[in-house]
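Here is what each chain is made of, one letter per residue.
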Amino acid sequence: MLLKSVQIDHFKHVLDSTLVEIQPDITCLVGKNESGKTAFLEALRRLKPAQGNVDFNIGKHYPAWLEKMHKRQGKNLEQSKPIQVVFELSDSDVAAVEAVFGKGVLTSRVFSLARRYDNYYSHGFESDEAVAVSNAAALIDLPKKVSTAIAAAKTFADLKKALTVAAEKNGEDAQVQTACAALQAKILEMVPADSNFVKRVWHLLFSRVPKFFFYSDYSRLPGKVRIRELLEADAEKLDEDDQTALSLLKLAGSDQDYLLDPDYETRKRELENVANAISQDVLQYWTTNTDLRVLIDISQTTEKRSDGQHAVHDEMHVRMYDNRHMLSLPFDERSSGFQWFFSFLTAFSRYEYDDTPVIILLDEPALGLHAKAQKDFLRFIEERLAKRCQVIYTTHSPFIIQPDHL
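Presented here is a report on the structure given in the accompanying data block. Predicted model only: the values in this text are computed from it and were never measured.

Thoughts on the packing of aromatic side chains
Next up, step 1: For the coordinates displayed, the defined rule picks out 25 aromatic pairs.
Next up, step 2: For the ring pair Phe111 and Phe125, a centre distance of 6.4 Å and an interplane angle of 45 degrees mean the geometry is tilted. Here the residue Phe111 occupies a position in strand β6 (residues 106-115), and Phe125 occupies one in strand β7 (residues 121-127), the gap between them amounting to 14 residues. By the burial criterion, Phe111 is buried, and Phe125 matches it.
Next up, step 3: With centroids separated by 5.1 Å and ring planes inclined at 75 degrees, the aromatic side chains of Tyr285 and Phe380 adopt a geometry described as edge-to-face. One end of the pair, Tyr285, is in helix α13 (residues 264-285); the other, Phe380, is in helix α15 (residues 371-388), and 95 residues separate them in sequence. Judged on exposure class, the residue Tyr285 and its partner Phe380 are both buried.
Next up, step 4: Taken together, the ring pairs connect Phe213, Tyr215, Tyr285, Trp286, Phe338, Trp340, Phe341, Phe342, Phe344, Phe377 and Phe380 into an aromatic cluster.
Next up, step 5: Over the face of the ring belonging to Phe206 we find Lys48, whose NZ or CZ atom lies 4.5 Å from the ring centre.
Next up, step 6: Positioned above the aromatic ring of Phe338 is the side chain of Arg334, whose terminal nitrogen or guanidinium carbon lies 5.8 Å from the ring centre.

What about helix α3 (residues 64-72)?
Next up, step 1: Along α3, the positions that sit buried rather than exposed are Leu66, Glu67 and His70. Projected down its long axis, α3 carries its buried residues within an arc of 115 degrees, all on one side. Of the residues in α3, the exposed ones pointing more than 90 degrees away from the buried face are Ala64, Trp65, Lys68 and Arg72.
Next up, step 2: Buried residues along α3 sit against β1 (2-11), β2 (14-16) and α2 (58-61).
Next up, step 3: Phi turns positive one or two residues past the end of α3, at Gly74, with a value near 85 degrees.

Considerations on the packing of α13 against helix α14 (residues 336-352)
Next up, step 1: Between α13 and α14, the shortest axis-to-axis distance is 10 Å and the interhelical angle comes to 125 degrees. Accordingly, the angle class assigned to the pair α13 and α14 is oblique. Judged by the twist between their axes, the crossing of α13 over α14 is right-handed. Note on element contacts: α14 touches α13 through Phe338, Phe341, Phe342, Leu345 and Thr346, opposite Ile278, Asp281, Val282 and Tyr285.

A few points about the sheet that holds strand β4 (residues 26-30)
Next up, step 1: Pairing is parallel across the open sheet formed by four strands, whose spatial order is β4-β14-β13-β8. Strand pairing shows two members of the sheet lacking a second neighbour, β4 and β8 (211-216), which therefore form its edges. Each adjacent strand pair in this sheet contributes to an overall mean axis angle of 15 degrees, direction not counted.
Next up, step 2: As judged from the six bridges shared by β8 and strand β13 (residues 358-363), these two strands associate in the parallel manner.

Rules of the game
Residues numbered from 1 in each chain as written. Predicted model: local features only at pLDDT ≥ 70, side-chain atom pairs only at ≥ 80, totals over all residues. Heavy atoms only, no water. Phe/Tyr/Trp six-rings, centres within 6.5 Å; stacked < 30°, edge-to-face > 60°. Helix = DSSP H or I, 4+ residues; strand = E, 2+ residues; numbered from the N terminus. Buried < 20%, exposed > 50% of the residue type's maximum accessible area, 1.4 Å probe, protein only. Lys NZ or Arg CZ within 6 Å of the ring centre and 35° of its normal. Arc of directions from axis to C-beta. Contact = heavy atoms within 4.5 Å. Axes fitted to C-alpha atoms, helices over the stretch in contact; angles between N-to-C directions. Parallel < 35°, antiparallel > 145°, perpendicular 65-115°, else oblique. Left-handed = near helix turned anticlockwise from the far one by under 90°. Pairing = 2+ DSSP bridges.

This is the structure:
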C-alpha cells in the first residue's frame, strides 16, 4: 500500500505538523536545525518499526512543557495520537481481503491508521459486511428453507443466529442440517470465534502495512562483531548498529551453517562471498575512490567465563583494501562519510531483494559526504531505493536537494 499523508501531533516539539503529503517515490523534508525534521521521522517510524520494538512513551515524547498542564486539564494523554497516516490500498491489498470475504467487500481504497501514546492502534476503512455475508452464503448450495431464513442477515452475527434458528426449526431435515453446518464452518473460516468482521479485515490490512526502516547519520556498522552471538540473537532486540552487522552477514544469501562451521576455510570462503557482493555495490555508487574493496577476516578470542571455563569466540573484522595505496585499514578508520555510506548500503541490503513491505526513513543522510559523493548517494536513492519502496529523507544540505525534481 502507498503512504499518502502523515500528521504528527504532540510529539516532542512538534505540536501539529498539519497534513503532510507524501510522494509515491521520494519525499524530501527540508528545514533548519531544530525545526522538527528528526522528530517527524521518529514519530513516523513508531507507526510500525522495522528495527526493534520502538514504542511511544509519554515521559519521553510528549511535549514536556505541556504534559503537566494537559494532565491538570483532564486530558487523557494515553489516548492522544502522535502519529496519524493515510494509505492508499493497492490491488494486491484489496485482493488479500477479497481472498477471504469475496468481491466488493472494500468500498474504498483509503485506509487510515494511527498509533496512540498507549501504543494501541486505531484505524479506519470503508467496507460492506452485508456483501461479505452474501458472498459467504453464495459459496454453499443452500436449500430454500435456509436461504429464506438468512435473507435478512446483514452481519455475520445475524447470519449465525439465523442459521441456528433454521437448524432448530428444521431438526428432522437432513439437507437443512448439512447446509447450515457447512455455512457455519465457512463463517468460522472467514471470521474466527474470537474475532468479528471488522477485526478480521483490520488484521488482514495491518499485516500488509509497510514497516518503517529508520536510518540516521549516526548509525554505523561495527568494525568488529562476534559472529555466533549475532546470528543467534533475537534480531528484533538488536540495536541499529548490530542489525547492520547482521545484514552484512546475511548478504549474498549467506548460509548460517557455513558462517558457524568449525572449519576456518568454510567460514572464510562464505565471508569472502559477502565481501565481494558489498564491494560491487560500493564501487557502483562510490565514485570518489574506485580502488577500494572490502576485506572480511576472522579471528578468535578466548574469554574466561564466570564458571571458570573458557569460551572461544569467532570475531568478524571488516577492513578496506585500497589498491591505490596498496594497504588495508580497519573499517572504523576510514572517513566518517564512507563509513556511513557503506553501513547504509549494508543495512538496506536486507530489504532490497525480499518482498517485505517497507518505507525507508533517512535522517540527515550523507552529511559527512563530499558534495560529489552526495550526488552519488542521490543517484543511489533514485536508482535503487525508490525503485524498491517509498523514501522519505530530511536534510539541510543544498547538495542533497534536487532543484529539478522539486
